[in-house]
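Each chain is listed here by its residues.
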Amino acid sequence: MKVLLISPYELGRQPHSLAHPAALLRARGHEVVLVDLSLATLPRAGLDSFQVIGVALGMHTATRIAMGLLPELRRKARGARIVCYGVYAPPNRALLEGLGVDVVLGPEFENDLLALIAGDKPGEGVAKVRFMIPDRTSLPPLARYAHLRLPGGERKTVGFVEASRGCKYLCRHCPLVPVYEGRFRAIPRDVVIADAEQQIAQGATHLSFGDPDFLNGPTHALRLLAILHDRWPHITFDATIKISHILTHRDLLPRLREYGCLFITSAAESFDDAVLGHLDKGHTGEDIGRAVALVRAAGMTLAPTFVPFTPWTTLDDYVNLLTRVHDLGLVNSVAPIQLAIRLLIPEGSYLLRIPGFRERLRPFSEAILGYPWANPDARVDTLQARVQAWVEQADGAGGGRWETFAGLWRLAHEAAGREVPRLAADCAGPESPQLSEPWYCCAEPTTAQLARCAVGA
């Protein structure tokens, strides 16, 4: 059977969501074509030659992009079965089916996809997958994807690997929670190591682990790192780890550094304990500072991510967020887009379980794939729009993190009616390793992202 698999967007990474199913399908003799829309356009001709077309919806931005793509696919490939799979597929089932999708599968989609192509009925639920080494042979080379910038100007080619799926935690705003409901699965070490090996052979000198939380299974993670470091001691890596895991597993931090970790991404979200309680993050604002100190003491950088604008955010809260980022020396460690993000509330979000919260929301909007909300103080929403515009403008002009932060500092204090304090340049913090495509998972896509990922000629 002839199968087309499409990835609308995966954070500038070579898509694992295409490479793994490609391996499974090709092993069974199917012809598989892969299209990564972040680097290529979808041809208008020839779509009717595919019997199955799969679209990977692993994140919000990918799903927003796919909404413009699916009607075109339906028109051009009338005989194909169109399948959407990934974390964002099941919560948006009705919408996707209205756009012409025939089958909607979750993030553990591989078995169901194989059954579908074999003519069997796909199962339900989150069935265990028998993993294979991802087949990346027909994807664009790693050099065309996001790279790592080191202090001093060195660039590293980045490979992307997954050591686990799902998450053991139930953070209310996380899109994984309604689908995995606290389940976590380790991917066999031999598969992960073989995938890393093939990307190192392609020139990768840094690996980015895509696990929702790398220390969900610390024993699995450390054994894997030990093998990777023994075989390729020059390879560095980064991973995503919860603030609470950093504190709980502080004894493991020196080993992570020994094995080549340069930086840790962590969903700090807010310094406000009330907001953190609503999100059920499992850490406090003070815990973030403790985690920063621990990671630095181990010789690494903490790169926190935030959701600074929520229905509970005040103007003073946002000023305090910027003040804490400044005082902790995190300006150079925080991608500016992280200081502009507005809380998304998708269908099925555990936030909807907070008593009385749903009543604060507007009806579900298919345009944004979420429940719109307004801050009780309209000035906060106005500030968010100005912050978003400034970050995009500064990024387009090639502005650095310090210059962008200075603009946000001014906007925040002016919105709060405060005098704008002078920033201390020595509080920017050390220059830190940065991926050229910042973490931008559960946020509104930018205009540029939507524009570049369109159906092409």
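This text goes with the structure placed above it.
These numbers were taken from a predicted model, which means no experiment stands behind them. (Residues numbered from 1 in each chain as written. Predicted model: local features only at pLDDT ≥ 70, side-chain atom pairs only at ≥ 80, totals over all residues. Heavy atoms only, no water.)

Enquirer: Could you give me a rundown of the sheet that holds strand β4 (residues 81-85), with the residues and numbers involved?
Expert: Taken in spatial order, the five strands make up an open sheet running β2-β1-β3-β4-β5, and their pairing is parallel. Edge strands, defined here as strands with exactly one partner in the open sheet, are β2 (31-36) and β5 (103-105). On average, adjacent strands in this sheet sit at an angle of 20 degrees to one another, irrespective of strand direction. When strand β3 (residues 52-56) meets β4, the two strands line up parallel, connected through five bridges. Bridge pairing in β4 links Ile53 to Ile82. (Pairing = 2+ DSSP bridges. Helix = DSSP H or I, 4+ residues; strand = E, 2+ residues; numbered from the N terminus. Axes fitted to C-alpha atoms, helices over the stretch in contact; angles between N-to-C directions.)

Enquirer: Describe the pattern of salt bridges, naming the residues involved and giving the relevant values.
Expert: In this structure the tally under the stated criterion is 14 salt bridges. Between Arg165 and Glu108 there is a salt bridge, with its nearest N and O atoms 3.5 Å apart. In this pair, Arg165 is assigned in strand β8 (residues 164-166) and Glu108 in the loop between β5 and α4 (110-117), connecting sequence segments 57 residues apart. For Arg165, a relative accessible area of 7% gives the class buried. Taking relative accessible area as the criterion, Glu108 reaches 3% and is therefore assigned buried. Here the salt bridges do not stand alone but share partners, grouping Glu108, Glu110, Arg165 and Arg185 into one network. (Salt bridge = Lys/Arg side-chain N within 4 Å of Asp/Glu carboxyl O. Buried < 20%, exposed > 50% of the residue type's maximum accessible area, 1.4 Å probe, protein only.)

Enquirer: Could you give an account of the sheet that holds strand β14 (residues 434-435), naming the residues involved and the relevant values?
Expert: What the seven strands build is an open sheet, ordered β13-β12-β11-β10-β7-β6-β14; its pairing is mixed. Two strands in the sheet have a free side with no partner beyond their single neighbour: β13 (301-306) and β14. Two strands pair when backbone bridges link them, and strand β11 (residues 236-240) and strand β12 (residues 261-269) are joined in this way by four bridges, in the parallel orientation. Note on β12: the bridge partner recorded for Phe237 is Cys261. Sheet contacts for helix α6 (residues 189-201): β7 (155-161) and β10 (206-209); angle to β7, the most-contacted strand, approximately 150 degrees. (Contact = heavy atoms within 4.5 Å.)

Enquirer: Just give me the short version of the pairing of β7, but keep the residues and values in it.
Expert: With five of seven residues buried, β7 is to be regarded as a mostly interior element. Judged from the three bridges that link them, strand β6 (residues 147-149) and β7 form a sheet pairing that is antiparallel. Bridge pairing links Arg149 to Arg155 in β7. Adjacent in sequence and paired antiparallel, β6 and β7 are bridged by five residues, among which Gly152 carries a positive phi angle near 100 degrees. In this sheet, β10 lies alongside β7 in parallel orientation, the contact comprising four bridges. Counted as the bridge partner of Val158 is His206 from β10.

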